Each structure stands twice: as C-alpha cells, then as structure tokens.
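Summary of structural features
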Amino acid sequence: MTDRYGRSRAQHERARRHLAGGVATAYRAPQRPVPISFASGSGSRLTDIDGNGYVDYALAFGPMLLGHSPDAVLRAVHEQLATGIGYGACHRVEAELAEAVCRTVPCADLCVFSSTGSEAVHAALRIARAATGRNRVVKFLGHFHGWLDPLAIGIPGLKDAGPATAGQDPLASSAVTVCPWNDLDALRAALSDDVAAVIMEPLAVNGGCLSAAPGYLSQVRQLTEQAGALLIFDEVITGFRLALGGAQERLGILPDLAVLGKAMGAGFPISAVCGRRDVMEEVASGRVKHVGTFNANPVCATAALAAISELEQRADEHYPRLEELGGTLADIFRTEATEAGVPLVVNQLGGMGHAFCSAAPVESHDDTLGADADAYGKFAEALLDEGVHVISRGLLYVSTVHDDADLEQTRGAVARAAATAAARRAEPTSPGRHAAVARR
Ligand SMILES: Cc1ncc(COP(=O)(O)O)c(C=O)c1O
C-alpha cells in the first residue's frame, strides 16, 4: 500500500537530523501521523509535498485571513520587492500603515510595529509599566500571549499558573498574577496598587474560544480604571478577524492598549502595539525605547497595508461572510461528527472557533481540561486523510475566500473522519505526543 504521507515522513526524518525536533515551532510537532510538509497554498487550499490537497482551516495558525497567497497582497509585495527589501530606515509605507491601524482600530491614536505577537506583547507591557510607574501585571488562566517568559505561565492546557516550558526564568514572571477569567472577585483581589496592567484575550480564543460573561468586560474596564491600571487587549488573533476594529469594536469595550499581529500581515511577520495617545506618548517621547532591526520592514509593512486596505474597502462583505462561514463550519463539525460517534462541541465567534471532543458544553478553563484532547487528535488525523487540514488541538479558522464548495467537501470529510476516529478510539496512543497536544 502506498504511504499517503511518504514524502512528508522522509522530509521530517531529514529535517530532524539538523533542525531540532524536525519542526521550527514546537506547536507543529503534535500533528499526526507526521508533521506535514507543504508545497503550496492558494486561496482556501493547501497542497503537501506528496501531492495531497486539503481544505485548510488552520490558516498558518490564523494569519491567512485573506486565504493563501491573496492577489492584492502579492501584487503590492512584488512591487515593494523590486524597490528594496529593507532599509533599516524610515519609509513611506510605515506611516501609511500606522494611519490605517489608527483609522481602523478604535483604541488606536498612536502605534508602534514589531515582527511577532510575542514581541509586541512584551512592548505593550513595557509601555504600561512606564506609563503607570508600576510593575505588576495581571493575566488570566488559559489565556495565551506568546512564548516569552513573563507571560508564558498559566497557558491553555495547564491546570494552574505554572510555566509553559522547561528553561523558563521564574523571576521573569515573579511580578505576574494569574487570575481565573470571568471572576470579578478574583480580579478585585488581584488589583493591588502596584498593578500596571491587566492583559487578556478579549475573546479567549487559544483557551477554547471562550466568551466573556455578560457584563464582565465592562466591569473589568471599570475596575482597572478605578485601580489606576491599564487594560491591554491582546488582539493578536481577534485583530482584523473578529471585526475590522477587532474584538474591541465587536464587543464595544475600549482598552488602553491593544496588541495586533497574525491577520494584520496576511502571513508576513508584522505586529503592532497601539493605544491611547497619552500612554503611547511614552514611546513617542523616547522615554520607552522600542527597538527592533526588522520593525516595520518595508516588505511586511506593505503586505499589512495591502491586507488592511482590502479588509477596509470590503468590510461590509468580508465580515458578514466570515460570520456565516464560521457559523456553518462550526455547525458541520458539531452535527456531522456527533452523528458519526465523536461528540464535538464547537465554540465559535466570527471567523474563528475551537472544537473539543466533549459531550458537555465547554464554557470555562476547567471545562477545557475535561475535554478529550487525545480523541480530538485522532479526529484531526482522520480529517487529514479526508483532505481537511486543522490544528490538532482544536482551533478552527476560516478565511474570506473559503466557499460553499469547501464547506460541502468538509461536511462529507467530517462525517467520514469522525467514523474513522470513533473506530480508532480503542487503539493505544503514544503518550509524548498527546501530552504536547494537551498543553497547547
Ligand atoms: C493571543 C496571542 N497573543 C500572542 C501570540 C504570540 O504571537 P507570535 O506567535 O506571533 O509571537 C499569539 C500566538 O499564537 C496569540 O495567539
């Protein structure tokens, strides 16, 4: 029998010889039966190096909001490439991009650019500390803010506020308090007078696409104001995805600072911190040093400007469509999988969702820990065999270019994959991999 993933397996073996673990990011390792190597992506589809085609709902862990290789972005980037890759100096596009961010994101009067979400989160904390003259930060259990030490504690999949990885500096997070989310009393207790900022994913996408309880965000807004702490929305996922102006626009709560990444660059590495003028003045005045060789690199800035322009010009079309696609996809996963013997819960808002193998609703961090991560891993593997690519721990993303044909193909694939996964459930599993799935 031919091995459907033979070339990916060989590629992974080759990579492992000199690329630690054979993957460039630990979160790619849990993919089964092997981390797939891709040859190309176009629109809603990916093709792997074995020639297998997939409808893609992983979208590079979120950034490909306009699909793979979107024309508008490629055209702009090609033009930019012809005139220079990087100057390490000022250029026209960075100012236009800053204007676009401040025009579209409600809290943004001023912004700065970095390359990744983790970096931008780090910059936001620095700005908040400088602006308040305080040191402590409050984050929430089950929220994810990137890989850097201070906030890489209490991430999704962890029971408590422990570290995400070996090698973390415990001192880096010694001034971080981890609170349960959706618990106002716990937040009140955590808001001591040395708290510089409260940071959260306003929709807890990484931890299960969990929504804030009714009234919770406005109460948090009030409590932070009363405590003299800044409110930071980490909109690395929700920015430009949940609405043009992100979760803050969709949910109607204005943070002091917001962090953007992923979809903003349509696949190019660029991120931003934006916010209230008086707070961002810390950077403008030079008091806070914000640096980075690649900050607002012209190629990435051009991609981001093209992406935001496309989203802005066709917002009336794109955002209702993302909502519709996201809703239909969630429905397909829920109904087809459950009917075929894999009970699935899907939490979804707009163009993103999180699926869990669970017979009961998943509405809190504790609920997510009770879901069957191993069963979802098996289902994701079976989906791959059926030509549907998803993130093996449950996140689901749609792009503006997914279409009805994709969804119909997905419907059949989900039903067949769920039947296969139900049959595989009795098989023994490799513990190392599943621990990794459960962690992320
Ligand atoms: C909400 C959130 N914040 C920050 C980050 C870190 O972004 P990056 O991986 O670009 O460093 C991520 C990455 O998944 C994220 O989901």
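Structural data are supplied above this passage.
Residues numbered from 1 in each chain as written. Predicted model: local features only at pLDDT ≥ 70, side-chain atom pairs only at ≥ 80, totals over all residues. Heavy atoms only, no water.

Here we look at the site of the ligand
In the neighbourhood of the ligand, 13 residues make up the surrounding shell, with Gly117, Ser118, Asn206, Asp234 and Lys262 lying closest. Take serine 118: an N or O atom from its side chain is 2.6 Å from an oxygen atom of the ligand. Between the ligand and the protein, one listed contact pairs a nitrogen atom with a side-chain N or O atom of aspartate 234 at 2.6 Å. Contact with the protein chains removes 84% of the 390 Å² of surface that the ligand exposes when unbound. Of the residues in the shell around the ligand, the class split is three nonpolar, six polar and four charged. (Near = heavy atom within 4 Å. Polar contact = N/O pair within 3.5 Å; in protein donor to acceptor, adjacent residues only side chain to side chain. Areas by Shrake-Rupley, 256 points an atom, 1.4 Å probe, with all protein chains shown as cover. Nonpolar A, V, L, I, M, F, W, Y, C, P; charged D, E, K, R; others polar.)

A few points about the sheet that holds strand E14 (residues 395–397)
Taken in spatial order, the three strands line up as E11-E12-E14 in an open sheet, and their pairing is antiparallel. Among the strands making up the open sheet, the edge pair consists of strand E11 (344–349) and E14. When strand polarity is set aside, the average angle formed by the axes of neighbouring strands in this sheet is 25 degrees. Contacts from helix H10 (residues 315–339) reach E11 and E14 within the one sheet, and its direction differs from that of E11 by about 175 degrees. Strands in contact with helix H12 (residues 373–385) are E11, strand E12 (352–357) and E14; relative to E12, the strand with the most contacts, it is inclined by about 115 degrees. (Pairing = 2+ DSSP bridges. Helix = DSSP H or I, 4+ residues; strand = E, 2+ residues; numbered from the N terminus. Axes fitted to C-alpha atoms, helices over the stretch in contact; angles between N-to-C directions. Contact = heavy atoms within 4.5 Å.)

Some words on helix H1 (residues 6–18)
Among all positions in H1, only Ser8, His12 and Ala15 are buried. Across the axial projection of H1, the buried residues extend over an arc of 65 degrees, all falling on one side. Of the exposed residues in H1, those oriented more than 90 degrees away from the buried face are Arg7, Arg14 and Arg17. (Buried < 20%, exposed > 50% of the residue type's maximum accessible area, 1.4 Å probe, protein only. Arc of directions from axis to C-beta.)

Things to note about the pattern of salt bridges
Overall, the coordinates contain 22 salt bridges when judged by the stated rule. When the shortest N-O distance is used, the salt bridge between arginine 45 and aspartate 406 registers 2.6 Å. Linking arginine 45 in strand E2 (residues 45–48) with aspartate 406 in helix H13 (residues 404–424), this pair joins segments that are 361 residues apart in sequence. A salt bridge links arginine 411 to glutamate 336, with the shortest nitrogen-to-oxygen separation between them at 3.2 Å. Residue arginine 411 is located in helix H13, and its partner glutamate 336 is located in helix H10; the two are separated by 75 residues in the primary sequence. (Salt bridge = Lys/Arg side-chain N within 4 Å of Asp/Glu carboxyl O.)

Quick notes on H12
Relative to the 18 Å expected for 13 residues at 1.5 Å per residue, H12 spans 19 Å between its end C-alpha atoms, a close match to the ideal helical length. With ten of 13 residues buried, H12 is to be regarded as a mostly interior element. Buried within H12 are the following residues: Ala375, Tyr376, Gly377, Lys378, Phe379, Ala380, Glu381, Ala382, Leu383 and Leu384. Here H12 starts with a cap whose side-chain oxygen sits 3.2 Å from the backbone nitrogen of aspartate 374, and that cap is aspartate 372. Downstream of H12 by a residue or two, glycine 387 has a phi angle that is positive, lying close to 85 degrees. (Expected span 1.5 Å × (residues − 1).)

Section: the packing of aromatic side chains
Taken as a whole and assessed by the stated rule, the structure comprises five aromatic pairs. Judged by centre distance (5.9 Å) and plane angle (80 degrees), the ring pair of phenylalanine 38 and tyrosine 54 falls under edge-to-face. Of this pair, phenylalanine 38 sits in strand E1 (residues 38–42) while tyrosine 54 sits in strand E3 (residues 53–56); the two residues are 16 residues apart in sequence, bridging distant segments of the chain. Under the relative-accessibility criterion, tyrosine 54 is labelled buried at 0%. For the ring pair phenylalanine 333 and phenylalanine 379, a centre distance of 6.0 Å and an interplane angle of 85 degrees mean the geometry is edge-to-face. Taken together, the positions of phenylalanine 333 in helix H10 and phenylalanine 379 in helix H12 put the pair 46 residues apart, joining distant regions of the chain. Classification of phenylalanine 333 by relative accessible area gives buried; the value is 0%. Within the aromatic cluster, the residues linked to one another by ring pairs are Phe333, Tyr376 and Phe379. (Phe/Tyr/Trp six-rings, centres within 6.5 Å; stacked < 30°, edge-to-face > 60°.)

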